[in-house]
Amino acid sequence: MEIIIKEHQNCNSIKITGRIDSYTTPKIKQALQTLIDDDHHNLVLDLSDVNFLSSTGILMFVNIQKQLLKNKIGKIVFSEVPDLVYANIKLSGFQQLFEFVDNTTAAIDRF
Amino acid sequence: MVTKTFPGNFKSLELISKFIVKQAQKAGFNPDDVYAIQTAVDEACSNIIDHAYRGEDLGTIIIKVNEKENSLHIVLRDKGKPFDPNDVPQPNINSSLENRKERGLGIFFMRNLMDQVIFEFSEEKGNKLTLVKNKRS
């Protein structure tokens, strides 16, 4: 699993490559929490190269999103989510908590 | 029939996924079903580490894959504490997002993605979880 973070004018994009499971989720959570603690609250998560997403990963994203929305300070937007990865988010019922955008550049421009 | 033993830690999950994907592809499942089987087994193994062993590297996970004419049977065994799925509340995915319980999503995934999910426990052999996916006719 690899995480590449880029800072843009009004948001940060986070490209994750590989698996999001019980092994990698704590590392991703820490990277996102560090950004939030550093006052970066608008997060575009590019999942185009994610090949697996488990319930642990979904719940981690849900908890961060709830934290951002509750404090009205920002949000997670997902971009380029592969169909099979989206299928698990939809199965969890949490898809309504997030925006999904087909193109990462367009997602960055939303902020 | 193929049997493999993995250390009960989260680092094993990637190797377990590779093993399961290979077996599911060999059995002729389409990419959607292969991903469903991969997810169910990953959730099952995470549950074994979290709830049966209650920590990493406290035992092994033995996975047996048996292809039958119309289905794939995957049996996972561990020697952890007895796991009773009835102890885990079912998530109500129609409840409000704020109030939704987060425990039990892994079992919910397993039950939704597989055709049969059977939990058994014996003092002698430990936990046995059977996951069955039917082949589409």
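This text follows the structure it describes.
Only a predicted model underlies this, so the values are computations on that prediction, with no experimental measurement involved. (Residues numbered from 1 in each chain as written. Chains lettered and ligands numbered in written order. Predicted model: local features only at pLDDT ≥ 70, side-chain atom pairs only at ≥ 80, totals over all residues.)

Peer 1: In this structure, what is going on with the interface of chain A and chain B? I would like to understand it.
Peer 2: Accessible area lost upon the coming together of the parts is a frequently used measure of interface size. Listed as interface residues are 16 residues of chain A and, on the opposing side, 19 residues of chain B. When residues of the side of chain A that touches chain B are traced back to their parent elements, those giving at least two are helix H2 (55-70) and helix H3 (83-92) of chain A. The greatest single-element share of the side of chain A that touches chain B, amounting to four residues, is contributed by H3(A). Split into classes, the residues belonging to the side of chain A that touches chain B amount to six nonpolar, eight polar and two charged. (Contact = placed C-beta atoms within 7 Å. Helix = DSSP H or I, 4+ residues; strand = E, 2+ residues; numbered from the N terminus. Nonpolar A, V, L, I, M, F, W, Y, C, P; charged D, E, K, R; others polar.)

Peer 1: How should the environment of Phe100(A) be read in this particular structure?
Peer 2: Residue and element names in this part refer to chain A. Structurally, Phe-100 can be placed in strand E5 (residues 99-101). On the basis of neighbour counts, which here come to 14 C-beta atoms within 10 Å, the residue Phe-100 falls in the partly exposed class. For the pair Phe-100 and Lys-90, spaced ten residues apart in the sequence, the C-alpha separation amounts to 12 Å. Sequence-distant contacts of Phe-100, that is, excluding residues within four places in its chain, are made with Phe-78 and Val-81. (Buried ≥ 20, exposed ≤ 12 C-beta atoms within 10 Å, placed from the backbone.)

Peer 1: Mind showing me how you'd approach H3(A) here?
Peer 2: In an α-helix, one turn spans 3.6 residues; hence positions three or four apart end up facing the same way. Within H3(A), the full set of buried residues consists of Val85(A), Asn88(A), Ile89(A) and Ser92(A). Summarising the axial view, the buried residues of H3(A) lie within an arc of 100°, below the 170-degree limit, and thus occupy one face. Turned more than 90 degrees away from the buried face of H3(A) sit Asp83(A) and Lys90(A), all of them exposed. Looking at the buried positions of H3(A), the neighbouring elements they touch are strand E3 (42-53) and H2 of chain A together with helix H2 (31-52) and helix H3 (105-113) of chain B. Trailing H3(A) by a residue or two, Gly93(A) shows a phi angle of about 85°, which is positive. (Arc of directions from axis to C-beta.)

Peer 1: I keep staring at the sheet that holds strand E2 (residues 12-20) of chain A and nothing clicks. Help me out?
Peer 2: The pairing of strands in a sheet happens through backbone hydrogen bonds and is either parallel or antiparallel. All names here are of chain A. One open sheet accounts for five strands, arranged E1-E2-E3-E4-E5; its pairing is mixed. Because the sheet does not close on itself, it has two edges, and the strands there are strand E1 (2-7) and E5. Direction aside, neighbouring strands of the sheet carry axes that sit 25° apart on average. Pairing analysis gives six bridges linking E1 to E2, with the strands arranged antiparallel. Along E2, the bridge assignment pairs Ile-5 with Ile-14. Relative to the sheet, H2 contacts E2, E3 and strand E4 (75-79), its axis offset from that of E4 by approximately 135°. (Pairing = 2+ DSSP bridges. Axes fitted to C-alpha atoms, helices over the stretch in contact; angles between N-to-C directions.)

Peer 1: How do you make sense of unusual backbone geometry when you look at a structure like this?
Peer 2: Working note: non-glycine residues mostly have negative phi, and peptide bonds are mostly trans. Unusually for a residue other than glycine, Glu80(A) sits at a positive phi of about 50°. Along the chain, the position of Glu80(A) falls in the loop between E4 and H3. At Asp57(B), a position not held by glycine, the phi torsion is positive, near 55°.

Peer 1: How do you make sense of the pairing of E2(A) when you look at a structure like this?
Peer 2: Looking along a regular strand, one sees side chains alternate from face to face of the sheet. Residues and elements named next belong to chain A. Here E1 folds back onto E2 in antiparallel fashion, the turn holding four residues. Across eight bridges, the pairing between E2 and E3 is parallel. The partner of Asn-12 across the bridge, within E3, is Leu-43.

Peer 1: Explain the sheet that holds strand E1 (residues 2-7) of chain B to me, please; I cannot follow it from the model alone.
Peer 2: Residue and element names in this part refer to chain B. Strand order in this open sheet of five strands is E1-E2-E3-E5-E4, and the pairing throughout is antiparallel. Whereas interior strands pair on both sides, the edge strands pair on one side only; in this sheet they are E1 and strand E4 (116-122). The average undirected angle you get between the axes of adjacent strands in this sheet is 15°. Of the strand pairs in this sheet, strand E3 (residues 71-78) and strand E5 (residues 126-134) are connected by eight bridges, and their pairing is antiparallel. Directly across from Ile-74, in E5, lies its bridge partner Leu-131.

By themselves, these are just geometric observations and shouldn't be taken as functional.
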